[in-house]
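Listed here are the chains, written in short residue letters.
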Amino acid sequence: MTETGSEQNNTLFRDINADDDDPEVTQIESLCLNCHEQGMTRLFLTRIPFFREVIVSSFSCDQCGSNNSELQSAGRIQDKAVKYTVKVITPQDLNRQVVQTDSATISIPELEFESPPNKGVMTTVEGMINRAVEGLNQDQVLRRIQHPDDAAQIDKFVEKLTELKTLKSPFHLVLDDPSGNSFIENPFAPKLDPETKVVHYKRSKEQNEALCIQESEEKQTEPEPEFNAKDEVLQFQSNCPGCTAPSSCKMKLVDIPHFKEIVLMATSCDACGLRDSEVKGGAGIEPQGRRISLKMTDVSDLTRDVLKSDMCSVEIPELDFSTGMTSTTGKFTTVEGLIDDIITELKKANPFFLGDSGQEDKLYKMSEFCDKLEKIKSGETLDVHVILDDPTGNSYLQNVYAPDPDPNMEIVNYDRTEEQNEDLGLNDMKTENY
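Residue indices begin from 1 for each chain and proceed along its sequence in written order. Under the rules for a predicted model, residues below a pLDDT of 70 receive no local features and side-chain atom pairs below 80 are neither given nor counted, while totals for whole chains, interfaces and linings still include all residues. To obtain the side-chain values, all non-hydrogen atoms of the structure were used and water was disregarded.

**Observations concerning the nonpolar core**
Then step 1. Only buried Ala, Val, Leu, Ile, Met, Phe, Trp, Tyr and Cys residues count toward a nonpolar core, and they belong to the same one when joined by side-chain atoms within 4.5 Å. Three exposure classes are used, based on accessible area relative to the maximum for each residue type with a 1.4 Å probe and protein chains only: buried under 20%, partly exposed in between, and exposed over 50%. Counting 28 residues, the largest nonpolar core has I108, L161 and F171 as the members making the most contacts within it.
Then step 2. Only β6 (81–88), β7 (97–100), β8 (105–108), α2 (125–137), α4 (148–164), β11 (171–177) and β12 (183–184) provide two or more residues apiece to this core.
Then step 3. Per the convention used, a helix needs a DSSP run of H or I reaching at least four residues, while a strand needs a run of E reaching at least two, with both numbered from the N terminus. For this core, the element with the most residues is α2, which contributes five residues.
Then step 4. Every residue pair with non-hydrogen atoms within 4.5 Å of one another is taken to be in contact. The residues contacting L161, other than those within four sequence positions of it, are I108, L111, I129, A132, V133 and L136.
Then step 5. If you look at the next biggest cluster of nonpolar residues, it comprises 26 residues, including V306, I316, F321 and L338.

Following this line, the structure appears as structure tokens:
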């Protein structure tokens, strides 16, 4: 290794200077891959003006005469790739200094020529052409014997490459390096070169993989989306309404098409096994009440979605039947599920028709009425009307023809009576001039 007399005054990467008597060339004995004897590798760390630091290495073997040289970037892979396009017009342009890393490609659009990535080198524009010619002529002797037609075409192309150095017509040299560490000299530096175009661009995923770059988690991780209540299921602790044990209640905001937002609430208790669900309107009380009348003409009408608020009454005029407001909690179900809930309330959950308190004549009438509801529920009885009357305007029955009107469904919005406003607590509610 070469001794350094003034090591404290010299930096690791030094500018190339003809007056420098001590260029700090590091010499290392290395194995020659040609003859397997010991050769010598020389390393020179230097800084290219208006560019960055590089490592120039050369190997020579005194035993067999083998030698080669290579250039490597001493800096990190840049954040963006770089592409140089130089228009070669004058002899001075042929002498432009070129740094090509082992990931860069060289192309000449006028000849539709492109040289794939090769080992790094520091040369000139003319040297790049000579290097391409040497690469094409490398196996020409053998190729002229085995494949004479291909060899003839390569000879013609080599002539075109060689003719470029005569500058009979201008041509473009394109240097494209995904690592961003290649360079073509600007003789007008620090001013801009009118014949050179430099473009920095973002590498593709394939280029990152070729450079063995793994994108950081910050780049891979997409920004967290803003909180959206419709995409979240909220859960909070409460007490079970059946056994008062601690239980959980889940709540989700749902947007019903062609209607409005609602709040679905579900309660489950691990202690007593209670499962309960409830629906609340998500937009408050509407300015007008709503009356929805559906004439059932087909079994498929039983599958229509129904949103019944806790203030909605259900009527079936053909059976002379009507429930009052607050008879059941709010539910999001189907027409079939709504009729099944009515049957459950009348037949199974009514204490006055169960046990010893039940009277035979009333039990018979109730059973007969529930059988009629069962026939409607099963689709055996059709041509009946199911009416939802909701003074809050928060009930809904699916229109299967939406957005067109449903010929079997009638929706009427009406003004609430004073008594209905009183039941809803609207008469004593003041929301203006606070």
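**Quick notes on the sheet that holds strand β19 (residues 305–308)**
Then step 1. At least two bridges found by DSSP between two strands are what make those strands a pair. If you walk across this open sheet you meet the three strands as β22-β19-β24, and the pairing is antiparallel. Looking at strand neighbours, the two that pair on one side only are β22 (331–334) and β24 (396–397), the edges of this open sheet.
Then step 2. Sheet topology places β19 next to β22; four bridges connect them, and they run antiparallel. Bridge pairing in β22 places K308 opposite K331.

**Details of the environment of Q237**
Then step 1. Following the sequence through the fold, Q237 ends up in strand β14 (residues 233–239).
Then step 2. With residues near it in sequence (within four places) discarded, Q237 still touches S247 and S248.

**Here we look at the packing of aromatic side chains**
Then step 1. Ring pairs are drawn from Phe, Tyr and Trp, using the six-membered ring of Trp, whenever the two centres fall within 6.5 Å, and their geometry is named by plane angle: stacked under 30 degrees, edge-to-face over 60, tilted for the rest. One pass over the full model with this rule turns up three aromatic pairs.
Then step 2. Note on Y84 and F183: the rings are 6.4 Å apart at their centroids and 85 degrees apart in plane angle, and the pair reads as edge-to-face. With Y84 in strand β6 and F183 in strand β12, this pair connects stretches of sequence that are 99 residues apart.
Then step 3. With a relative accessible area of 10%, Y84 lands in the buried category.
Then step 4. Arranged with centres 5.3 Å apart and planes meeting at 45 degrees, the rings of F321 and F369 form a pair that is tilted. With F321 in strand β21 (residues 321–322) and F369 in helix α8 (residues 360–378), this residue pair connects regions lying 48 residues apart in the sequence.
Then step 5. For F369, a relative accessible area of 18% gives the class buried.

**Observations regarding the pairing of β19**
Then step 1. Note that β19 and β24 share two bridges and pair antiparallel. Its bridge partner being in β24, L307 is matched across the sheet by Y396.

**Points about the pattern of salt bridges**
Then step 1. When a carboxyl oxygen of Asp or Glu lies within 4 Å of a side-chain nitrogen of Lys or Arg, that pair is called a salt bridge. Going through the model one piece at a time under the given rule, you end up with nine salt bridges.
Then step 2. With a shortest N-O distance of 3.0 Å, R144 and D155 are connected by a salt bridge. Of this pair, R144 sits in helix α3 (residues 140–146) while D155 sits in helix α4, and the two are 11 residues apart along the sequence.
Then step 3. Classification of R144 as partly exposed rests on a relative accessible area of 43%.
Then step 4. Residue E163 is joined to K168 by a salt bridge in which the shortest nitrogen-to-oxygen separation is 3.9 Å.
Then step 5. We classify E163 as partly exposed; its relative accessible area is 40%.

**A few points about a negative patch on the surface**
Then step 1. Residues enter patches when their relative accessible area tops 30% and they take part in no salt bridge; the joining distance is 9 Å for like charges and 5 Å for the nonpolar side chains Val, Leu, Ile, Met, Phe, Trp and Tyr. Only the protein chains shown count as covering a residue, and every accessible area follows the Shrake-Rupley method with a 1.4 Å probe. A positive count includes Lys and Arg, and a negative count includes Asp and Glu. His and the chain ends are not counted in either. Lysine's charge is taken at NZ, arginine's at CZ, aspartate's at CG and glutamate's at CD. Together, E418, E419, E422, D423 and D428 make up a region of like negative charge exposed at the surface.
Then step 2. Its place among the elements puts E418 in helix α9 (residues 418–423).

**Section: α4**
Then step 1. Expected span of a helix: the number of residues minus one, times 1.5 Å. Helix length check: α4 (17 residues) gives 25 Å between terminal C-alpha atoms against 24 Å at 1.5 Å per residue, within 8%.
Then step 2. Here α4 has its buried residues at A151, I154, V158, L161 and L164. Buried positions in α4, seen along its axis, are confined to an arc of 115 degrees and lie on one side of it. Exposed and oriented more than 90 degrees from the buried face of α4 are D149, Q153, K156 and E159. Working definition: the arc comes from the directions between the helix axis and the C-beta atoms, pointing outward to the latter.

**A few points about unusual backbone geometry**
Then step 1. The residue after A402, namely P403, is reached through a cis peptide bond having omega 5 degrees.
Then step 2. Within the fold, P403 resides in the loop between β24 and β25 (409–414).
Then step 3. Positive phi, normally seen in glycine, also occurs at E112, with a value near 55 degrees.
Then step 4. Among the secondary structure elements, E112 is positioned in the loop between β8 and β9 (113–115).
Then step 5. Although it is not a glycine, L167 adopts a positive phi angle of roughly 60 degrees.
Then step 6. Overall, L167 belongs to the buried group, its relative accessible area being 18%.

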